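Here is what each chain is made of, one letter per residue.
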Amino acid sequence: MKYIIMECHVSYAVLLDEGGRFWRAANRQYQIGQTVEDPVLMKESDTVKKMKMRAAMGIAVAAACFLLVFTSYYRDYMVMETAVCLTINPSVRMELNRKGQVMNVAGLNEDGRKLLEGYSPASKDRLSVTKELIGRAVEMGYLSAGGMVVVDIDAPEEAIFQRYGVELRKELAEYLEDTLAVEIQIVKHEDETGKSSVKPEETVPSAPKTVQIKKSNQSLRCSRRMIRCRNNQG
Amino acid sequence: MNEEHVLVGQVYEAKEDMEAADRLISSYLPFVKSETAKYLKRPLIEENDDELSIAMIAFHEAIRGYAKGRGAFLPFASVLIKNRLTDYMRRERKHRGHLSLDMPLEEGGDTLGMRLPGQEDEQEACDRRDATKSEIEELAGQLARFGVSFTDVAENCPRQKRTVCACRKIMEYAGGNPELLEEFLRTGRIPVTRLSRECHVERKTLERHRKYLIALFLICTNGYEIIRGHLKYVLKGGADQ
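Residues numbered from 1 in each chain as written. Chains lettered and ligands numbered in written order. Predicted model: local features only at pLDDT ≥ 70, side-chain atom pairs only at ≥ 80, totals over all residues.

### Observations regarding the overall build of chain B
A tally of helices and strands in chain B yields 15 helices and 0 strands. Sorting the 241 residues of chain B into buried and exposed places 27% on the buried side. (Helix = DSSP H or I, 4+ residues; strand = E, 2+ residues; numbered from the N terminus. Buried ≥ 20, exposed ≤ 12 C-beta atoms within 10 Å, placed from the backbone.)

### A closer look at the pairing of strand E9 (residues 182-188) of chain A
Along any regular strand, the residues point their side chains to alternate faces of the sheet. Burial runs high along E9(A): 5 of the 7 residues are buried. Following the backbone out of strand E8 (residues 148-154) of chain A, through helix H4 (residues 158-176) of chain A and into the adjacent parallel E9(A), one traces a crossover that is right-handed. (Right-handed = clockwise from strand over helix to strand, strands pointing away.)

### With respect to the environment of Ile136(B)
Along the polypeptide, Ile136(B) turns up in helix H7 (residues 122-145). For Ile136(B) and Phe150(B), which are 14 residues apart along the polypeptide, the C-alpha to C-alpha distance reads 9.8 Å. Aside from chain neighbours lying at most four places away, what touches Ile136(B) is Met6(A), Ile32(A) and Gly33(A). (Contact = placed C-beta atoms within 7 Å.)

### Notes on the nonpolar core
The nonpolar side chains of a soluble globular protein tend to be buried, and buried together. Core analysis: the biggest nonpolar cluster contains 63 residues, and Met6(A), Leu15(A), Phe59(B), Leu213(B) and Leu216(B) have the highest contact counts within it. Those residues in contact with Leu216(B), other than ones at most four positions away along the chain, are Gly20(A), Cys167(B) and Met171(B). If you look at the next biggest cluster of nonpolar residues, it comprises 27 residues, including Val129(A), Ile134(A), Phe161(A) and Val182(A). (Core = buried A, V, L, I, M, F, W, Y, C linked by C-beta atoms within 7 Å.)

### Side note on helix H10 (residues 178-187) of chain B
Little of H10(B) sits out of view: just 1 of its 10 residues are buried. Gly188(B), located one to two residues past H10(B), shows a positive phi value of around 75°.

### Digging into the sheet that holds strand E1 (residues 3-8) of chain A
Pairing in this open sheet of 4 strands is antiparallel, and the strands run E3-E2-E1-E4 (chain A) from one edge to the other. Both edges of this open sheet fall to strand E3 (22-26) and strand E4 (35-36) of chain A, since each of them pairs with a single strand only. In this structure, E1(A) lies alongside E4(A), joined through 2 bridges in antiparallel fashion. Directly across from Tyr3(A), in E4(A), lies its bridge partner Val36(A). Lying over the sheet, helix H4 (residues 50-65) of chain B contacts strand E2 (12-17) and E3 of chain A, oriented at roughly 120° with respect to E3(A). (Pairing = 2+ DSSP bridges. Axes fitted to C-alpha atoms, helices over the stretch in contact; angles between N-to-C directions.)

### Digging into the packing of helix H9 (residues 161-176) of chain B against helix H13 (residues 210-220) of chain B
Residue and element names in this part refer to chain B. Where H9 meets H13, the axes come as close as 10 Å, and the angle between the chain directions of the two elements is 30°. When you trace H9 past H13, the crossing you get is right-handed. Between H9, through Cys167, Ile170, Met171, Ala174 and Gly175, and H13, the contact on the second element is made entirely by Tyr212, Leu213, Leu216, Phe217 and Cys220. For the contact of H9 with H13, the class distribution of residues is 9 nonpolar, 1 polar and no charged. (Left-handed = near helix turned anticlockwise from the far one by under 90°. Nonpolar A, V, L, I, M, F, W, Y, C, P; charged D, E, K, R; others polar.)

### Observations regarding the interface of chain A and chain B
Listed as interface residues are 31 residues of chain A and, on the opposing side, 37 residues of chain B. Mapped by element, the contributors of at least two residues to the side of chain A that touches chain B are E1, E2 and E3 of chain A. Ranked by residue count, the leading element in the side of chain A that touches chain B is E3(A), at 4 residues. Looking at the side of chain A that touches chain B residue by residue, the classes come out as 13 nonpolar, 10 polar and 8 charged.

### Topic: the environment of Trp23(A)
Mapped onto the elements, Trp23(A) comes out in strand E3. On the basis of neighbour counts, which here come to 19 C-beta atoms within 10 Å, the residue Trp23(A) falls in the partly exposed class. Through-space distance from the C-alpha of Trp23(A) to that of Tyr3(A) is 9.1 Å; in sequence the pair is 20 residues apart. Setting aside residues no more than four positions away along its own chain, Trp23(A) makes contact with Leu15(A), Asp17(A), Leu41(A) and Ala154(B).

### Some thoughts on unusual backbone geometry
Across residues other than glycine, the phi torsion is negative in most instances, and most of the peptide bonds are trans. Residue and element names in this part refer to chain B. Phi is positive for Lys41, close to 60°, though the residue is something other than glycine. In this fold, Lys41 is placed in the loop between helix H3 (29-40) and H4. Positive phi outside glycine occurs at His200, with the angle close to 55°. In this structure, His200 sits in the loop between helix H11 (192-199) and helix H12 (203-208). A count of 9 C-beta atoms within 10 Å places His200 in the exposed class.

Structure, rendered in structure tokens:
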């Protein structure tokens, strides 16, 4: 490839190659108009390349952060972790996310569907929804004194089952204390084969004495506590 | 510390202004020479040392590539000079054992190139160089009307094969449409819309390489036979070499 020297500076010369491209090269005592064949071309500054690389890196980091945040959010808020079935007799199933918030409620029988008519659990926690559903059941005449509420918890871990069981029993007991005397049963969910979906854990937090947990199919009723609440008027 | 601050200011000015770059390089010529001599482990013979030219262009590259985050300028330039000289030495090693046409055959006598048959004689080469020089000077004058220098053109010249091909397509089209060149000379504007439509080249590409295209358009106009002769392969629509 031949080059014509187009411009000479102290440190470099501008050359035109036969392909119509202009180059900067080391000025080896060149003269304008001279034709050379073996110039030492200047290496193009990699600033643009680096800027592009940095931009790409920035986008990649931002995408990774977004993915991390989204994955975490998705796992915590958008994936069902636990299902809680309330059986009064209207049967209702609540789906909870990892944070214990109610994602969805569905009636499991005709009365359950009636109970949920016009009800939305949007942005409510499990305790509020449970109390509201019990309240609606009382109002609609499904639950009265001497009745029974079975809370079936399908949790992935024993610890979660224990925690939710304790919480729900305590809250319901407090909620119904002054209105109705009902029996509350907290049971661990088991599938058709009789297997619990709860993975046994080495360290299970001990439940307070006020909570009774029952394994339904095995008839292992740990304890039963009748909550008899005095009616202020009665 | 203050001196370094001043130098960094000069470097940043030299990035934008070629005259400032020349001034800075001239004032730091002793530094460049000393770095080169240190690398070569011998004193420089200024007239003949290609290494000094390499070191100077490396210094120029250091100016263009320097950023404040890269530490002090002179150590940065020193590293770049050494790297460039190493590259040059490696390249030269490949040609070791080859004779240079400019090498004198005897003390004060003719060079090898002068003795070889079929070589252009000195007078002819000198005439040709002068003719080329006058064309280049005329072209430089025309470019100056557009506020463009050859350095600007070199900086604006596309490097990507696809863009080079697009520019050649435009040049070919301009060569075949003299009225387009006349319009360009009359108005001083590149008809971007027409070229983009006719050559199927993105408008953005034309705008991005405007200075380069100005130089090519001027070369396509009458009066630059030697330069056009140099580019004949491209003007005939040849592929990239």
